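Read off the chains here:
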Amino acid sequence: MTAEDVQFTFQRLLAMKEQTQQYVKAVDRCEIVDARTIDLVMNDPAAPLLNILCAPTFGITEKALVTQHGGSMAADAKDTDKATDWLNQNSAGTGPYRLVRWERNQQIQLVRNPHHWRGAPAYERVVIRHFSDSAAQLLAIRRGDIQAAFNLIPEQIATLRDEPQVRAERLPSLDFVYMALTQNAEFNRALGQRECRQAIGHAIDYDGIVGSMLGGAALRPAHFLPIGVNGSTETVAREVGFKQDLEKAKRLLQEGGFAEGFEFEIAYGNAAVAGVSYQLLAQKIQADVARVGIRAKLAPMDQVNLRTTFTTGRSQGGVLTFWNPPAVENELWAAAVVERVARRVHWPVPPEMTALVKRAAEEPDKARAAALWVEWQRAMVAQANHFVLFQPIYQIAVRAAVKQFPLTAAGWQLEIGAVKPG
């Protein structure tokens, strides 16, 4: 890996102007100092950066190989770069494994990189298979057809306790599942009223979701800062976050001018997270809000269509979806809300909210920064466009043939190069 490879990677990323570029928006350019040194020249020296650079997104790619397949770091790369399709099927980095095949919704195949800088990894080949439901995963892990199952529900994990060849690896994640609500009155007049959105927030039985549906294997933060990062604790979540209060929900409906309730849509993908399907979550919320006279109409759809509809701001009501951290940095979560997710729900963000995120992100004193992040969460809860339903504690079934299986706090990520056989 050379300084030219590093420069090419960052300059291409900046020029492509895709979402990843937003994570390093404080970087203007990458300059080569010498054969082993680069400078990231920033437009905001106080902005957080080092934690963000740990994201898998910023893996370095080989300039010569990517260029050979149409890659470009020129200023017009957004329009002229042709390497993305090739990179979706191939590797051009320095990781422990190399991508050789990707079939959407079927499987990903990786092979060992014998030249990895930490030495060749333990396995010659890794296959990541897609299963449509958790029952199929449970059967496969019991038979030994697979070595790890990532999406079992708590009841299925419990059935494995007497299996001598299978164990459960457990780790609190930094992921969360949430419902976003539009406030576009043209889509839904009631949701245009903050009080009506707040009424939904106070109608949801969060404890029932965590306790009954997830078997207690979850936390619940107040807003878009998962518990475990600066300014987000279980105590803060209890003080600041929504909690079920049906009488308060009814009062809010009256204040919003919809004392008899209203109807809204909940869209969700045909998928599951932490072993629980979005459909079951939607049905739970539907039953909860009905207790205060709110009628939820369920709208299942393909995951790709759901994401397209949501990201382009065309969702008519609520959207059940998932957030996974690109890196452990508060600014990424908060900036996503005020810069991107706000547009999806048609919230015109007041300048003071954007300024609050910047102040908190750049505050060097950890305690003062924590206080600012609590202030931000309080404001976001009051705005009532997003309701975090749970932050899963991942329980992954692993066969004894695998000795080391180091998960990371982003539950879908694994230190795959450090996995060792038994």
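For the structure, see preceding data.
First, a word on scope: everything that follows refers to the structure included in this document. The structure displayed is predicted, hence computed values, not measured ones.

## Focus: the overall build of the protein chain
The helix and strand tally for the protein chain stands at 16 helices and 17 strands. Counting all 422 residues of the protein chain, 49% fall into the buried class. Of all intrachain contacts in the protein chain linking residues separated by at least 6 positions in sequence, the fraction that spans at least 24 positions is 67%. About 20300 Å² of surface is accessible on the protein chain, with carbon and sulfur atoms providing 49% of the total.

## A few points about the packing of helix H8 (residues 194-203) against helix H11 (residues 246-255)
Between H8 and H11, the least distance of the axes is 8 Å, while the angle of their chain directions is 170 degrees. On the basis of the axis angle, H8 is roughly antiparallel to H11. In the packing of H8 onto H11, the handedness of the crossing is left-handed. Here Glu 195, Cys 196, Gln 198, Ala 199, His 202 and Ala 203 of H8 come into contact with H11, specifically with Leu 246, Lys 248, Ala 249, Leu 252, Leu 253 and Glu 255. Here the residues of the contact of H8 with H11 sort into seven nonpolar, two polar and three charged.

## Quick look at the state of the cysteines
A covalent bond between the sulfur atoms of two cysteines is referred to as a disulfide. All told, the structure shown has zero disulfides when counted by the stated rule. The cysteine Cys 54 is free of any disulfide, with Cys 30 supplying the nearest cysteine sulfur at 16 Å.

## Re empty space enclosed by the protein
Inspection of the entire model under this criterion finds four cavities of 30 Å³ or more. Space inside the largest cavity adds up to approximately 90 Å³. Together, Phe 150, Leu 152, Ile 153, Pro 154, Leu 214, Ala 217, Ala 274, Pro 392, Ile 393, Tyr 394 and Gln 395 line the largest cavity. The element that contributes the greatest number of residues to the lining of the largest cavity is strand S15 (residues 386-399), accounting for four residues.

## Comments concerning the packing of aromatic side chains
Enumeration according to the criterion identifies 10 aromatic pairs in this entry. Each ring, one from Trp 373 and one from Trp 376, has its centre 6.2 Å from the other, and the planes form 90 degrees; the classification is edge-to-face. A residue pair is termed a helical-turn pair when its members lie 3 or 4 positions apart in one helix, as Trp 373 and Trp 376 do in helix H16 (residues 366-383) at three residues. In this structure, Trp 373 and Trp 376 share a single accessibility class: buried.

Definitions and limits used
- Residues numbered from 1 in each chain as written.
- Predicted model: local features only at pLDDT ≥ 70, side-chain atom pairs only at ≥ 80, totals over all residues.
- Heavy atoms only, no water.
- Helix = DSSP H or I, 4+ residues; strand = E, 2+ residues; numbered from the N terminus.
- Buried < 20%, exposed > 50% of the residue type's maximum accessible area, 1.4 Å probe, protein only.
- Contact = heavy atoms within 4.5 Å.
- Areas by Shrake-Rupley, 256 points an atom, 1.4 Å probe, with all protein chains shown as cover.
- Axes fitted to C-alpha atoms, helices over the stretch in contact; angles between N-to-C directions.
- Parallel < 35°, antiparallel > 145°, perpendicular 65-115°, else oblique.
- Left-handed = near helix turned anticlockwise from the far one by under 90°.
- Nonpolar A, V, L, I, M, F, W, Y, C, P; charged D, E, K, R; others polar.
- Disulfide = S-S within 2.5 Å.
- 1 Å grid on protein atoms, 1.4 Å probe; cavity = no way out; pocket = protein on both sides within 12 Å on 5 of 7 lines; lining within 4 Å.
- Points joined across faces, edges and corners; volume = space filled by probe spheres on them.
- Phe/Tyr/Trp six-rings, centres within 6.5 Å; stacked < 30°, edge-to-face > 60°.

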